[in-house]
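A structural walkthrough
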Amino acid sequence: MDKLRIRGGQRLQGEVTVSGAKNAALPELCAALLSDQPVVLDNVPRLQDVATMLKLIRNMGVSAERDESLPTRVRIDAGALNNPEAPYELVKTMRASVLALGPLLARFGRAQVSLPGGCAIGSRPVDQHIKGLQAMGAEIAVEHGYMNARLAGGAARLKGARITTDMVTVTGTENFLMAACLAEGETVLENAAQEPEITDLAEMLIKMGARIEGHGSSRIRIQGVERLSGCTHQVVADRIEAGTFLCAVAATGGDVLLRHGRADHLDAVIEKLQAAGAIVSAQADGIRIQASGRLKAQSFRTTEYPGFPTDMQAQFMALNVIAQGSSKVTETIFENRYMHVNEMVRLGAHIQVDGKVAVIEGIEKLSGATVMATDLRASASLVIAGLVAEGDTVVDRIYHLDRGYDQMELKLRGLGADIERIK
């Protein structure tokens, strides 16, 4: 099992290119299932979750291959799709597999999708997906670990509906958005998630011939069409990868340009970094961050976009543990997202957790140790902590990191970090 060895204390300098967003690429690979014509996706990150999704759709009879001359380009042809099933053995490591349900049901009128797995950061139930698709005329039974779905009453297509979810759900919004494109009539999504990845998915669907309005807001309207065509689409830059590198530079000090980074997708994070004392500015083709010395600790509360993202909580906490002063972090999205805390304490951090709240007392230095990654974003936070710790830090179980970061150690090494992968 691979590990990362990090020798801390190096400032980060130079340029790094932000990869395409995992959380846009995964639903967009599923969106390609809606058409029998070829789809080309550019800027697709080389991640374990993407590899799993490609394997999943190939198992359905879909042609899905990376371009040999341009590895970030993927060509998908679902014209011969003949097996609308997502089996457990292929989806047990990835919750995004549930995104196949809406497209398969919309195009084929039936689907069998395993209940998903993924990071152990808390419960992310699929009941909202089921309720929304039932409102569109699907019959869904959960049996033996699978969601078995079909159109009710011998209907030829899903029916447009008004769907209001009990909570804001990103994958739920994406599932309904994709399914509604081929439904009969109008679908209105209330309480829709507003993340940039959803806007990017909607823009791809519009290129395929979908009729969508309001994406990026809490109310999305979709007029169903009979069929969708193929398209070429570039996956939006990964705001969480960009935010992770911003926190890494803020913690270590340095001057870095994040090429393709979108400052307008990271307003809440950048506001906190600026308050901490970093200089962060939007550039023509990215984001520049400059930092030196110990920054000031910042309290924050995670919430749905455009608020502070839960996917950035652990990384910003790595900055807070070596910042000046105390801070309070409140996690409101997932109930089990402080698993990195015990590992940071092994490095010397002073953190107390009480339910949803973590209180951090900043200290001047961390001390290198062996730590264990427990989920994707926890992995990134431990890498940041290792970059500032004295001596060697070894991060174990980095397969979590590989699920969501494209060659992170190579990018950090290019900025001057002393980091290597140990097989």
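Scroll up to find the structure.
This report concerns the structure included in the present document. (Residues numbered from 1 in each chain as written. Predicted model: local features only at pLDDT ≥ 70, side-chain atom pairs only at ≥ 80, totals over all residues. Heavy atoms only, no water.)

By size, the foremost hydrophobic cluster in this structure holds 78 residues, and its most contacted members are I76, L177 and L205. Ignoring anything within four residues of it in the chain, the contact list for L205 reads A31, L34, L177, M178, C181, A210, I212 and L228. Residues A278, V371, V383 and I419 belong to the second largest nonpolar core, which totals 71 residues. (Core = buried A, V, L, I, M, F, W, Y, C linked by side-chain atoms within 4.5 Å. Buried < 20%, exposed > 50% of the residue type's maximum accessible area, 1.4 Å probe, protein only. Contact = heavy atoms within 4.5 Å.)

Tracing the backbone shows S381 in helix α12 (residues 376-388). Residues in contact with S381, not counting those within four places in the same chain, are A314, Q315, A318, H340 and M344. (Helix = DSSP H or I, 4+ residues; strand = E, 2+ residues; numbered from the N terminus.)

Bringing the packing of helix α1 (residues 22-31) against helix α7 (residues 196-207) into the picture now. Relative orientation of the contacting elements α1 and α7 amounts to 30°, with a least axis distance of 9 Å. Between α1 and α7, the crossing angle belongs to the class labelled roughly parallel. Of the two possible hands of crossing, α1 and α7 adopt the one that is right-handed. Across the interface between the two elements, N23, A24, P27, E28 and A31 of α1 pack against E197, D200, L201, M204 and L205 of α7. (Axes fitted to C-alpha atoms, helices over the stretch in contact; angles between N-to-C directions. Parallel < 35°, antiparallel > 145°, perpendicular 65-115°, else oblique. Left-handed = near helix turned anticlockwise from the far one by under 90°.)

We now examine the pattern of salt bridges. One pass over the full model with this rule turns up 31 salt bridges. Across the salt bridge formed by D166 and K131, the nearest N and O atoms sit 2.8 Å from each other. Linking D166 in the loop between β10 (162-164) and α6 (170-181) with K131 in helix α5 (residues 127-135), this pair joins segments that are 35 residues apart in sequence. Given a relative accessible area of 42%, K131 falls into the partly exposed group. A single salt-bridge network, built from bridges that share partners, covers D2, D402, E409, R421 and K423. (Salt bridge = Lys/Arg side-chain N within 4 Å of Asp/Glu carboxyl O.)

Bringing the environment of R58 into the picture now. Considering the arrangement of structural elements, one finds R58 in helix α2 (residues 48-59). Relative accessible area serves as the criterion here: at 33%, R58 is assigned to the partly exposed category. Along the primary structure R58 and I76 are separated by 18 residues, whereas in three dimensions their C-alpha atoms are 9.3 Å apart. Residues in contact with R58, not counting those within four places in the same chain, are A64 and E65. A distance of 2.7 Å separates the side chain of R58 from the backbone oxygen of A64, its partner in a polar contact. (Polar contact = N/O pair within 3.5 Å; in protein donor to acceptor, adjacent residues only side chain to side chain.)

With that settled, the discussion passes to the sheet that holds strand β12 (residues 211-213). Spatial strand order, β10-β11-β13-β12: four strands in an open sheet with mixed pairing. At either end of the open sheet lies a strand with only one pairing partner, and these are β10 and β12. Going across the sheet, the axis of each strand differs from the next one's by a mean of 15°, ignoring polarity. Relative to strand β11 (residues 186-190), β10 runs parallel, the two sharing three bridges. Of the residues in β11, the one forming a bridge with I163 is L189. (Pairing = 2+ DSSP bridges.)

Attention now goes to the packing of aromatic side chains. By the definition in use, this model includes three aromatic pairs. Between F300 and F308, the aromatic rings sit 4.1 Å apart at their centres with planes inclined by 25°, giving stacked as the arrangement. In this structure, F300 and F308 share a single accessibility class: buried. Measuring from ring centre to ring centre gives 5.7 Å for F308 and F316, while their planes differ by 80°; the resulting arrangement is edge-to-face. A residue is classified by how much of its surface remains accessible, and F308, at 5% relative accessible area, is buried. Judged by its relative accessible area of 0%, F316 is buried. (Phe/Tyr/Trp six-rings, centres within 6.5 Å; stacked < 30°, edge-to-face > 60°.)

So yeah, pure geometry; function would need other evidence.
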